[in-house]
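# Structure assessment
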Amino acid sequence: MIIKSVCNLDCIKCFDLLKYKFKGYLLNTSIKPISNGNFYSTSTEKSYKTGLTVYDSGVRKKVEFCTVLPKTVLWYCCGPTVYDSAHLGHACSFMHFDIIRRIMEHYFGLNVIMVMNITDIDDKIINKANELQQPCQRISHHYEKEFFEDMHKLNILPPSITARVTDNIPEILDFINGIMDNGLAYATSDGSIYFNLGKYSGYGKFSPKQESDSSQQSKLGSEDFALWKSSKSGEPFWESPWGKGRPGWHIECSTIACKYLGHSIDIHSGGIDLKFPHHENEEAQCCARFGIPKWVNYWMHTGHLFSKGAEKMSKSLKNTVSIRDFLNSYTANVLRIFCLLIPYRNGVELRKETLDKAFAMERTISQFLLDLESIIREGKKVNFDEQLLFKFRFSMKQKRKL
């Protein structure tokens, strides 16, 4: 497997992970268990400057980037729902984050701990399994493997930790119980659990209202969202204190992020389409669970990839370009340069003219590296302007902003 995961090693907690990552670096922080020990606090009394400026979608402006831990970035990235092949829109989003991650690691010398979830139980996966008359697990494992193979072909770094939803059911149940204990969730007659927005005052970071859903008559409020869904006939299920069922969509990310990174994290990233309601609901769940006013310090969202004009590339619109089809015509570096040509927050149309520009730039860079290799190999002396080099290095220092 290409994927690097410790999600099945229950003995590895946040502190153990940090010790592994830093190889003995002594952290000036307090790591202490919360509740029954499944979740850890990584909060500190002060934040640590990095020299970076980032755009925070939560406050809609560029701000100074400071971290919870010294020389460390605790980063949670929303992963794929593995019911079908990933397309170029997904690839561009993960490529943008890979570029930012590499800048943080290689240019600013930060240790990035990135956690990514794998949504391997979902309505779409169940529908696909029923359509093909195969078990849900076979569908999800097939597309999970394919996803990470595609990321490898694109030279996108794997996450530090990957965690499947189905491997974290006990932690999800504990998380839901914590929200209920705080009086901010309730059970319905069919055994489902809903977040009670009527009792939560901190909602509205990304939108003032949740999407209304009156299909469930037993809900207290039409905008309340599901934390746990009661089992339906023919669907996979897990036992819970409320009966057989499965996790709601939003609860998985809150649980997995807090399990490995604590209840105060530096970066949470994903596509702009996840901003609301998914990320709004994640934030609400964590703040409700731990009684805190803020869970994520910096939100990062990538813009849409458009296939034609204002038409978003989407599986539902059947206008996608698969990653493998793209790589039959272009290299991974062409896609990387294509992503570098635009701000990561902006939407962009997949146009041949832009791809040709990226292709030409890649060819120029490749030829330069070949020429440089030849010069080094042959031991040729090269005259260069030291003053010009100094000006270039100075200008690069002035642009240390994302």
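Parameters at a glance
Residues numbered from 1 in each chain as written. Predicted model: local features only at pLDDT ≥ 70, side-chain atom pairs only at ≥ 80, totals over all residues. Heavy atoms only, no water. UniProt positions renumbered as here; feature names shortened; annotations may be inferred. Helix = DSSP H or I, 4+ residues; strand = E, 2+ residues; numbered from the N terminus. Buried < 20%, exposed > 50% of the residue type's maximum accessible area, 1.4 Å probe, protein only. Contact = heavy atoms within 4.5 Å. Areas by Shrake-Rupley, 256 points an atom, 1.4 Å probe, with all protein chains shown as cover. Pairing = 2+ DSSP bridges. Salt bridge = Lys/Arg side-chain N within 4 Å of Asp/Glu carboxyl O. Axes fitted to C-alpha atoms, helices over the stretch in contact; angles between N-to-C directions. Arc of directions from axis to C-beta. Polar contact = N/O pair within 3.5 Å; in protein donor to acceptor, adjacent residues only side chain to side chain. Parallel < 35°, antiparallel > 145°, perpendicular 65-115°, else oblique. Left-handed = near helix turned anticlockwise from the far one by under 90°. Nonpolar A, V, L, I, M, F, W, Y, C, P; charged D, E, K, R; others polar.

Going by the annotation in an unreviewed UniProt entry, the name recorded for the chain is cysteine--tRNA ligase, with Nezara viridula given as the source organism. Listed in UniProt under the heading Cofactor (unreviewed entry), the comment for the chain reads: "Zn(2+)". Of the chain, the UniProt comment under Sequence similarities (unreviewed entry) reads exactly: "Belongs to the class-I aminoacyl-tRNA synthetase family."

## Points about the overall build of the chain
Looking only at helices and strands, one finds 11 helices and 16 strands in the chain. Counting the 402 residues in the chain, one finds 51% classified as buried. Excluding contacts between residues fewer than 6 apart, the proportion of contacts in the chain whose partners are at least 24 apart in sequence is 74%. Of the accessible surface of the chain, which amounts to about 20200 Å², a share of 51% is contributed by carbon and sulfur atoms.

## Details of the pairing of strand 14 (residues 305–308)
Of the strand pairs in this sheet, strand 14 and strand 16 (residues 348–349) are connected by two bridges, and their pairing is parallel. Its bridge partner lying in strand 16, Phe 306 is registered against Glu 349. Pairing between strand 14 and strand 15 (residues 311–312): two bridges, direction antiparallel. Bridged to Lys 308 within strand 15 is Glu 311. Taking the residues between adjacent antiparallel strands as the criterion, strand 14 and strand 15 are bridged by two residues, where Gly 309 takes a positive phi near 60 degrees.

## Quick word on the pattern of salt bridges
One pass over the structure, following the stated rule, counts 18 salt bridges. For the salt bridge of Lys 145 with Glu 149, the shortest nitrogen-to-oxygen distance reads 2.5 Å. In this pair, Lys 145 and Glu 149 are both assigned in helix 4 (residues 136–153), four residues apart and thus about one turn of the helix distant. Of the residues examined, Lys 145 reaches a relative accessible area of 43% and is grouped as partly exposed. The class of Glu 149 is partly exposed, set by a relative accessible area of 23%. The partner of Glu 171 in a salt bridge is Lys 259, and the shortest N-O contact between them spans 3.1 Å. Linking Glu 171 in helix 5 (residues 169–181) with Lys 259 in helix 6 (residues 249–261), this pair joins segments that are 88 residues apart in sequence. One exposure class covers both Glu 171 and Lys 259, and it is buried.

## Observations regarding the sheet that holds strand 11 (residues 245–247)
An order of 8-9-10-11 is seen for the four strands of this open sheet, with the pairing classed as antiparallel. What marks the edges here is a single partner per strand, and that holds for strand 8 (185–187) and strand 11. Direction aside, the axes of adjacent strands within the sheet are offset by 25 degrees on average. Relative to strand 11, strand 10 (residues 226–230) runs antiparallel, the two being bridged by three bridges. Bridge pairing in strand 11 links Trp 228 to Pro 247. Relative to strand 10, helix 5 is tilted by about 120 degrees, and along the sheet it contacts strand 8, strand 9 (193–195), strand 10 and strand 11.

## A look at helix 3 (residues 123–132)
Taken together, the buried positions of helix 3 are occupied by Ile 125, Ile 126, Lys 128 and Ala 129. All buried residues of helix 3 lie within an arc of 165 degrees about the axis, which places them on one face of the element. The exposed residues of helix 3 that point more than 90 degrees off its buried face are Asn 130 and Glu 131. Among the structural elements, helix 4 and strand 11 are those in contact with the buried residues of helix 3. One side-chain oxygen at the N-terminal end of helix 3 lies 2.8 Å from the backbone nitrogen of Lys 124; it belongs to Asp 122. Downstream of helix 3 by a residue or two, Gln 133 has a phi angle that is positive, lying close to 55 degrees.

## Observations concerning the packing of helix 5 against helix 7 (residues 275–290)
Look at helix 5 against helix 7: their axes get within 8 Å of each other, and the N-to-C directions meet at 70 degrees. Between helix 5 and helix 7, the interaxial angle falls into the category roughly perpendicular. The chirality of how helix 5 crosses helix 7 is left-handed. Contacts from Asp 174, Phe 175, Gly 178 and Ile 179 in helix 5 reach Gln 285, Cys 286, Ala 288, Arg 289 and Phe 290 in helix 7. Looking at the contact of helix 5 with helix 7 residue by residue, the classes come out as five nonpolar, two polar and two charged.

## Overview of the packing of helix 2 (residues 88–107) against helix 9 (residues 332–340)
Across the interface, helix 2 lies against helix 9 with an axial gap of 10 Å and an inter-helix angle of 75 degrees. It follows from the interaxial angle that helix 2 and helix 9 lie roughly perpendicular. In this structure, helix 2 uses Leu 88, Ala 91, Cys 92, Met 95, His 96, Asp 98, Ile 99 and Arg 102 to contact helix 9, whose residues at the interface are Ala 332, Leu 335, Arg 336, Phe 338, Cys 339 and Leu 340. Here the residues of the contact of helix 2 with helix 9 sort into 10 nonpolar, one polar and three charged.

## Quick notes on the environment of Met 104
Following the sequence through the fold, Met 104 ends up in helix 2. Residue class for Met 104 comes out buried when judged on its relative accessible area of 0%. C-alpha separation for the pair Met 104 and Val 73, spaced 31 residues apart in sequence, amounts to 8.6 Å.

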